[in-house]
Amino acid sequence: MIQQDRYINTSNREKLRIGLIGFGRMGGKFLATLQNCPQWEVAYVCDIDPYSRALALKQVPEAKIVASDDEIFNDPSVDAVVFATLADQRLRLFEKAVAHGKHVITEKPVADTLNAEWAVVNMAEKSDILVTVNMYLRNSWYHHVMYSMVDEGEIGELAIIRICHMTPGLAPGEGHEYEGPAFHDCGMHYVDIARWHARSDFKTWHSQGVKMWRYKDPWWVQCHGTFQNGVVFDITQGFVYGQLSKDQTHNSYVELIGTKGIVRMTHDFNTAVVELHGVNRTERIERPYGDKNIDCMCERFAESIRNGRLDSLLPTLRESVDASEYAWRFFQDSLTHDCPEIGDADTLVAIRERRRTLKNGYGLLRPRERAGKAE
């Protein structure tokens, strides 16, 4: 356990102090959110890239901008840290967080290998630090609405969960190799939310993949199977949806199908729509999508620190690693079946070139806007 003298009394402090480690795409999202959250003061931003540090200095001049995360961990006034680095850095950072008693908000996966992820769980659970993981769907308003509609009995007994997320998003080789292929890096969100809605653990599964553009890993995977309570699921994920189409689009939905009714969600990355066709009412709810819902997570995490226990609505470290492990299992199952290779490497080159120049809402990274690997 962490020594009690490491703790700072935050009960009467107006704002909690936080250090942001890694100032790439997600680091930028965290910074913008934390600056607008009255419970947090951004005390540090850390990145090894001078360009990223210069950008951070412009955006948050009142914070200390550093190249070494040691300065953050050695400051006893810092209550929490955000890990927005690539996954290969996170085990090392967790070791420091535990040693210095810093609470953690982290991107997923929490390490670059499954063994390292479970090492993080074992280490953190033996400490007194609070940890949550940016499994953003758990913080989304639309999934909580759908969950409550099932509780109300509007669709009868939950029987089938269908999830699809296909966009012209992250292309192979664009820098996320430590996070794994598309079905792990992105698909673990949908593995997690399916399990959350089912309120049960996975029992059986079968996966089919396609090696688009002859890339070494399937960049599209569809998995279907059952939960231990009998609920059936299918999850489809791939960043293969019209990568070179003139006008890009996407296909993203969640359906909960019951014995009596259904509730479903769609979104366009700006607005999310929940439609209920229940036994007592038909309802349509339309609200802003909320992007990664970081604001909800940061607010709940601040209250968690003040209360001394993790908010029950926040994803836990163990739940994140469970989702990571199942995503890997489903992905690896696709490799045990016929996995066609379709397309050619020249098309992949053209996709990467287009993504360097096209501004859209499908995960495009601006030049040099990559997750920093803090040292």
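Look up: the structure comes first, before these words.
First, a word on scope: everything that follows refers to the structure included in this document. (Residues numbered from 1 in each chain as written. Predicted model: local features only at pLDDT ≥ 70, side-chain atom pairs only at ≥ 80, totals over all residues. Heavy atoms only, no water.)

By the element assignment, Val263 lies in strand β12 (residues 262-267). Sequence separation of Val263 and His277 is 14 residues, and the distance between their C-alpha atoms is 6.1 Å. The residues contacting Val263, other than those within four sequence positions of it, are Met146, Met149, Ile155, Val254, Glu255, Leu256, Val274, Glu275 and Leu276. (Helix = DSSP H or I, 4+ residues; strand = E, 2+ residues; numbered from the N terminus. Contact = heavy atoms within 4.5 Å.)

This brings us to the sheet that holds strand β1 (residues 16-21). Within a sheet, neighbouring strands are paired by backbone hydrogen bonds and run either parallel or antiparallel to one another. If you trace the 6 strands from one edge of the open sheet to the other, you get β3-β2-β1-β4-β5-β6, paired in parallel fashion. Each edge of the sheet is formed by a strand with only one pairing partner; in this case those strands are β3 (64-66) and β6 (131-133). Strand-to-strand twist of the sheet, defined as the mean angle between neighbouring strand axes without regard to direction, takes the value 20°. Here strand β5 (residues 103-106) pairs with β6 via 3 bridges, running parallel. Considered in β6, the bridge of Ile105 is made with Thr132. Here helix α1 (residues 25-35) sits on the sheet and contacts β1, β2 (40-46), β4 (80-83) and β5; the angle it forms with β1, its principal contact strand, is near 165°. Sitting on the sheet, helix α9 (residues 294-307) touches β1, β2, β4, β5 and β6, and the angle it makes with β5 is about 165°. (Pairing = 2+ DSSP bridges. Axes fitted to C-alpha atoms, helices over the stretch in contact; angles between N-to-C directions.)

It is worth spelling out the nonpolar core at this point. Counting residues in each nonpolar core, the largest one holds 84 residues, and the members touching the most others are Phe83, Phe94, Tyr142, Ile161, Leu256, Val274 and Leu317. With 8 residues, helix α10 (residues 317-334) is the single largest residue contributor to this core. The contacts of Phe83, once residues within four sequence positions are left out, are Ile21, Phe73, Arg90, Leu93, Phe94, Ala97, Val104, Ile105, Thr106 and Glu107. Counting residues in hydrophobic clusters, the runner-up holds 27 residues, among them Ile18, Leu20, Cys37 and Ile294. (Core = buried A, V, L, I, M, F, W, Y, C linked by side-chain atoms within 4.5 Å. Buried < 20%, exposed > 50% of the residue type's maximum accessible area, 1.4 Å probe, protein only.)

Side chains Ala80 and Val82 of β4 all project onto a buried face; the interleaved residues Val81 and Phe83 project onto the opposite face, where all are buried too. Of the strand pairs in this sheet, β1 and β4 are connected by 4 bridges, and their pairing is parallel. Bridging from a neighbouring strand, Gly19 pairs with Val81 of β4. In the classification by handedness, the crossover that spans β4, the intervening helix α4 (residues 90-100) and the parallel β5 is right-handed. (Right-handed = clockwise from strand over helix to strand, strands pointing away.)

The next point concerns the state of the cysteines. According to the stated counting rule, one finds 0 disulfides in the structure shown. Cys298 takes part in no disulfide bond, and the closest cysteine sulfur, belonging to Cys37, lies 6.3 Å away. (Disulfide = S-S within 2.5 Å.)

Across the sheet, which stays open at both edges, the 9 strands sit in the order β14-β13-β12-β11-β7-β10-β9-β8-β15 with mixed pairing between neighbours. Edge positions in the sheet fall to β14 (282-288) and β15 (341-342), since each of these pairs with one other strand and no more. Here strand β7 (residues 158-166) pairs with strand β11 (residues 251-258) via 8 bridges, running antiparallel. Considered in β11, the bridge of Ile160 is made with Ile257. Lying over the sheet, α10 contacts β8 (202-212), β9 (220-227) and β10 (232-238), oriented at roughly 55° with respect to β8.

Below, the discussion takes up the side chain of Arg90. Turning to its location among the elements, Arg90 is positioned in helix α4. Arg90 sits in the buried class, given a relative accessible area of 2%. Of note is the side chain of Arg90, whose polar atom sits 2.3 Å from the backbone oxygen of Thr85. Arg90 has contacts with Phe83, Thr85, Thr106, Glu107, Lys108, Pro109, Val110, Ala111 and Glu179, leaving out every residue within four places of it along the chain. (Polar contact = N/O pair within 3.5 Å; in protein donor to acceptor, adjacent residues only side chain to side chain.)

This part is about the packing of helix α6 (residues 141-151) against helix α8 (residues 187-198). One way to put it is that α6 packs onto α8 with a least axis distance of 10 Å and a crossing angle of 25°. Classified by the interaxial angle, the pair formed by α6 and α8 is roughly parallel. Where α6 crosses over α8, the two elements pack in a sense that is right-handed. Two secondary-structure elements touch here, α6 through His143, His144, Met146 and Tyr147 and α8 through Ile193, Trp196 and His197. Classifying every residue of the contact of α6 with α8 gives 4 nonpolar, 3 polar and no charged. (Parallel < 35°, antiparallel > 145°, perpendicular 65-115°, else oblique. Left-handed = near helix turned anticlockwise from the far one by under 90°. Nonpolar A, V, L, I, M, F, W, Y, C, P; charged D, E, K, R; others polar.)

The next subject is the pairing of β14. In summary, the side chains of a regular strand alternate between the two faces of the sheet. Both strand β13 (residues 271-277) and β14 contribute to a ladder of 7 bridges, which runs antiparallel. In the sheet register, Ala272 faces β14, and the bridge partner there is Arg287. Linking β13 to β14, which pair antiparallel, is a turn of 4 residues.

We now examine α10. An ideal rise of 1.5 Å per residue puts 26 Å on 18 residues; α10 measures up with 26 Å between its terminal C-alpha atoms. Here α10 lies mainly inside the structure; 14 of its 18 residues are buried. (Expected span 1.5 Å × (residues − 1).)

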